[in-house]
Amino acid sequence: MDFSVKKLACDAGVFFSRAVQYTEEKLGQAEKTELDAHFESLLARADCTKNWTEKIYRQTEVLLQPNPSARIEEFLYEKLDRKLPYRATNGEILGQYMLEAAKEFGPGTPYGSTLIQVGDCQRRLGGAEREFLQTSSISFLTPLRNFLEGDWRTITKERRLLENRRLDLDACKARLKKAKAAEAKAAAVPDFQETRPRNYVLSTSASALWGEEVEKAEQELRLAQTEFDRQAEVTRLLLEGISSTHVNHLRCLHEFVEAQATYYNQCHHFMQELQKELSRRYPNSFLVNPRSVRSSSGDASSTVPVNSLSPEAEALQIEEVQPPASGTRKAKVLYDYDAADSSELSLLADELITVYTVPGMDSDWLIGERGNQKGKVPVTYLELLS
């Protein structure tokens, strides 16, 4: 118990000494040991890394799980070291609703059968999303969280310890400076013209006492300097490790991009399959741009034009096409359309044109006439009136 009281008193004295030194530094009444420029740059880089890593981590969480309640639930389960219960994605829930609705409306009806197809696609999209969330969490979120909760906490602890060592060092410097000043003052006090020798004895004794105090302060300063240098080296090594952290986060970022690319490619593939199937079953229900079809890579350079005429009719010149004696119809233009080449006719929304077909022509196209202008026009941009 006696030892604990002494230790408590010692710790309180150290804390008070640091508090006094810190306060005097803030008031400009005490000198402060400055770190070298390289060390300061390492500190600034570490702070920058921590701040941006935290922002990226938080926003990635929002991206992967927009529901704040779900994020809190996941956080609690993780802290309690319990397995998170199964939670269906929004796409999987929507797909299930569509399948159940199809049963009610009748799977043999056009609406019911379409609901089945779209619902199945939504479930596959939801499954792809689930896989993306799991992959991103493991390969990207977890390393960022490990840095913030592991490496950064260690760095913060060592930086705090370094700051304490610096305060101790500066406090020792201040004590040594005061002791030397007092020693010099004591040495200058004796007056050898004084008739009473007692004053000289007291002054000599005070000077000796201050000399001992200076020697003690110098010893404490050497010890404090050693502790400060040792802690500065430890902290420096940790700060230099930020470069390795950047390399690790770079690798994780590549894996995150790969996971995103895989997810969006899967979604694009699923939707293309669904669109093709629905367009095959209901060709006039979906507006697709017949001018071009992009490859699954989505690269604009891979755009492939769709032929509007069969090989037998390709050689047919638009100027040579004559309207049939019967079979011409009026059509209202639904959307603006810019002709891709001289064989096509540009359209303006809401205008009326005359349309007809010719043998061998692709079913997605018609010949359109407006006054003395003539050219191919896409069927999906038209509403046939008569």
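Rules of the game
- Residues numbered from 1 in each chain as written.
- Predicted model: local features only at pLDDT ≥ 70, side-chain atom pairs only at ≥ 80, totals over all residues.
- Heavy atoms only, no water.
- Salt bridge = Lys/Arg side-chain N within 4 Å of Asp/Glu carboxyl O.
- Helix = DSSP H or I, 4+ residues; strand = E, 2+ residues; numbered from the N terminus.
- Buried < 20%, exposed > 50% of the residue type's maximum accessible area, 1.4 Å probe, protein only.
- Axes fitted to C-alpha atoms, helices over the stretch in contact; angles between N-to-C directions.
- Parallel < 35°, antiparallel > 145°, perpendicular 65-115°, else oblique.
- Left-handed = near helix turned anticlockwise from the far one by under 90°.
- Contact = heavy atoms within 4.5 Å.
- Nonpolar A, V, L, I, M, F, W, Y, C, P; charged D, E, K, R; others polar.
- Expected span 1.5 Å × (residues − 1).
- Polar contact = N/O pair within 3.5 Å; in protein donor to acceptor, adjacent residues only side chain to side chain.
- Lys, Arg positive; Asp, Glu negative; His and termini not counted.
- Pairing = 2+ DSSP bridges.
- pLDDT = per-residue confidence, 0-100.
- Core = buried A, V, L, I, M, F, W, Y, C linked by side-chain atoms within 4.5 Å.
- Phe/Tyr/Trp six-rings, centres within 6.5 Å; stacked < 30°, edge-to-face > 60°.

**Topic: the pattern of salt bridges**
Going through the model one piece at a time under the given rule, you end up with 15 salt bridges. One salt bridge in this structure joins aspartate 120 and arginine 124, with 3.7 Å as the shortest N-O distance. Linking aspartate 120 with arginine 124, this pair stays in helix H5 (residues 110–188), spanning four residues, or about one helical turn. Among the residues examined, aspartate 120 registers a relative accessible area of 39% and is labelled partly exposed. Given the relative accessible area of 33%, arginine 124 is considered partly exposed. As a salt-bridge pair, arginine 124 and glutamate 273 come within 3.5 Å of each other at their nearest N and O atoms. Taken together, the residues arginine 124 in helix H5 and glutamate 273 in helix H7 (residues 242–281) connect sequence positions 149 residues apart. Through salt bridges with shared partners, a single network forms among Asp120, Arg124 and Glu273.

**Regarding the packing of helix H2 (residues 37–64) against H7**
Helices that pack against each other are described as a pair by the angle of their axes relative to one another and the distance between those axes. Two numbers describe how H2 lies on H7: the axes approach to 12 Å, and their chain directions differ by 20 degrees. It follows from the interaxial angle that H2 and H7 lie roughly parallel. The interaxial crossing formed by H2 with H7 has left-handed handedness. Seen from H2, the contacting residues are Arg45, Ala46, Thr49, Thr53, Thr60 and Leu63; seen from H7, they are Ile242, Ser243, His246, His249, Phe256 and Gln260. Residue composition of the contact of H2 with H7, grouped by class: four nonpolar, seven polar and one charged.

**Here we look at H2**
The end-to-end C-alpha distance of H2, which contains 28 residues, comes to 40 Å, matching closely the 40 Å that a straight helix rising 1.5 Å per residue would cover. Looking only at H2, the buried set comprises Phe39, Leu42, Leu43, Ala46, Thr49, Thr53, Tyr57, Thr60 and Leu64. Sitting at the amino-terminal end of H2 is aspartate 36, which places a side-chain oxygen 3.1 Å from the backbone nitrogen of histidine 38.

**Re the side chain of glutamate 158**
Turning to its location among the elements, glutamate 158 is positioned in helix H5. For the buried glutamate 158, no salt bridge is present, and the opposite-charge side chain at shortest range is lysine 157, 5.3 Å distant. Every residue in contact with glutamate 158, bar those within four places of it in the chain, is listed here: Gln231, Val234, Thr235 and Leu238.

**Topic: the packing of H5 against H7**
Packing of H5 against H7 brings their axes to within 10 Å, and their N-to-C directions diverge by 175 degrees. Comparing the axis directions of H5 and H7 gives the class roughly antiparallel. Taken together, the residues of the contact of H5 with H7 break down into 21 nonpolar, 11 polar and eight charged.

**Let's talk about the pairing of strand S6 (residues 373–378)**
Where strand S5 (residues 365–370) lies against S6, six bridges are found, and the strand directions are antiparallel. Residue pairing in the sheet places arginine 370 in a bridge with glutamine 373 of S6.

**A look at the sheet that holds S6**
Spatially, S6-S5-S4-S3-S7 is the arrangement adopted by the five strands of the open sheet, whose pairing is antiparallel. Of all the strands in the sheet, the pair left with one neighbour each is S6 and strand S7 (382–384). Mean inter-strand twist for the sheet, computed between neighbouring axes without regard to direction, equals 40 degrees. Of the pairings in the sheet, the one linking strand S3 (residues 329–333) to strand S4 (residues 352–356) comprises four bridges and is antiparallel in character. Each bridged residue has a counterpart across the sheet, and for alanine 331 the counterpart in S4 is isoleucine 353.

**So, unusual backbone geometry**
Negative phi characterises most residues that are not glycine, and trans characterises most peptide bonds. With a phi close to 75 degrees, aspartate 350 is a non-glycine residue in the positive phi region. Looking at the secondary structure, you find aspartate 350 in the loop between S3 and S4. A residue is classified by how much of its surface remains accessible, and aspartate 350, at 56% relative accessible area, is exposed.

**Thoughts on the confidence of the model for the protein**
Mean pLDDT for the protein: 81, with 81% of residues reaching 70 or above. Mean pLDDT across the secondary structure elements of the protein bottoms out at strand S2 (residues 304–305), with 42, and peaks at H2, with 94. In the predicted structure, residues 286–315 sits below a pLDDT of 50 and forms 51 contacts with residues beyond four places in sequence or in another chain.

**Quick notes on the nonpolar core**
Phe132 and Leu239 are the most contacted members of the largest nonpolar core, which has 42 residues in total. Elements supplying a minimum of two residues to this core: H2, helix H4 (90–105), H5, helix H6 (198–240) and H7. With 18 residues, the single largest contributor to this core is H5. If we ignore the near neighbours within four places in the chain, the residues touching leucine 239 are Phe39, Leu42, Leu43, Ala46 and Ile155.

**A look at the packing of aromatic side chains**
Scanning all chains against the criterion turns up nine aromatic pairs. With 4.9 Å between their ring centres and 10 degrees between their planes, phenylalanine 132 and tyrosine 263 make a pair best called stacked. Here the residue phenylalanine 132 occupies a position in helix H5, and tyrosine 263 occupies one in helix H7, the gap between them amounting to 131 residues. As far as burial versus exposure is concerned, phenylalanine 132 and tyrosine 263 are alike and both buried. Centroid distance tyrosine 337 to tryptophan 365: 6.5 Å. Interplanar angle 70 degrees. Geometry classified as edge-to-face. Residue tyrosine 337 is located in the loop between S3 and S4, and its partner tryptophan 365 is located in strand S5; the two are separated by 28 residues in the primary sequence. Residue classification places tyrosine 337 among the buried positions, given a relative accessible area of 2%. Overall, tryptophan 365 belongs to the buried group, its relative accessible area being 2%. Each member of the aromatic cluster is reached from another via a ring pair, and the members are Phe132, Phe140, Phe256, Tyr263 and Tyr264.

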